[in-house]
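One-letter residues, chain by chain:
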Amino acid sequence: MNFIAWNCKGTRSQDFSQLVMDIREYSASLVCLFETHPNKGYAKRIIKRVEFDGSFIQKTWGHLD
């Protein structure tokens with residue numbers, strides 16, 4: 001089982017989508033992308049862009065949505 005955990009600082013950059021697509025080459029069974037300060041709406045847009053099955057958002061603690 002391949003597992004990738006990535007603190008993906010800079011998800012608003014234009015290179016982010018390409019980097020996520022490059023992750024697919026590793027055929028990972030589980031991918032965790034961590035972005036520490038997005039609001040809920042932006043996090044949903046990230047999930048839509050990466051197009052992984054079974055994606056979800058874990059609510060942040062100590063930050064407003």
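Please read all numbers here as calculations on a predicted model, not as lab measurements.

Section: the packing of helix H1 (residues 15-23) against helix H2 (residues 40-50)
In step 1: Where H1 meets H2, the axes come as close as 10 Å, and the angle between the chain directions of the two elements is 50°. On the basis of the axis angle, H1 is oblique to H2. Handedness of the H1/H2 crossing: right-handed. On H2, the residues touching Phe16, Ser17, Val20 and Met21 of H1 are Ile46, Arg49 and Val50.
In step 2: Split into classes, the residues belonging to the contact of H1 with H2 amount to five nonpolar, one polar and one charged.

Looking at the pairing of strand S2 (residues 30-34)
In step 1: In the sheet, strand S1 (residues 3-7) pairs with S2 via five bridges, with the strands oriented parallel. Of the residues in S2, the one forming a bridge with Ala5 is Cys32.
In step 2: Between the parallel elements S1 and S2, the chain passes through H1 in a crossover that is right-handed.

What about the confidence of the model for the protein?
In step 1: Taken residue by residue, the protein gives an average pLDDT of 78. The fraction at 70 or more is 92%.
In step 2: S1 holds the highest mean pLDDT among the elements of the protein, 87, whereas H1 holds the lowest, 77.

Concerning H1
In step 1: Listed as buried for H1 are Phe16, Val20 and Ile23. Buried positions in H1, seen along its axis, are confined to an arc of 50° and lie on one side of it.
In step 2: Structurally, H1 contributes buried residues whose contacts are with S1, S2 and H2.

Conventions we followed
Residues numbered from 1 in each chain as written. Predicted model: local features only at pLDDT ≥ 70, side-chain atom pairs only at ≥ 80, totals over all residues. Heavy atoms only, no water. Axes fitted to C-alpha atoms, helices over the stretch in contact; angles between N-to-C directions. Helix = DSSP H or I, 4+ residues; strand = E, 2+ residues; numbered from the N terminus. Parallel < 35°, antiparallel > 145°, perpendicular 65-115°, else oblique. Left-handed = near helix turned anticlockwise from the far one by under 90°. Contact = heavy atoms within 4.5 Å. Nonpolar A, V, L, I, M, F, W, Y, C, P; charged D, E, K, R; others polar. Pairing = 2+ DSSP bridges. Right-handed = clockwise from strand over helix to strand, strands pointing away. pLDDT = per-residue confidence, 0-100. Buried < 20%, exposed > 50% of the residue type's maximum accessible area, 1.4 Å probe, protein only. Arc of directions from axis to C-beta.

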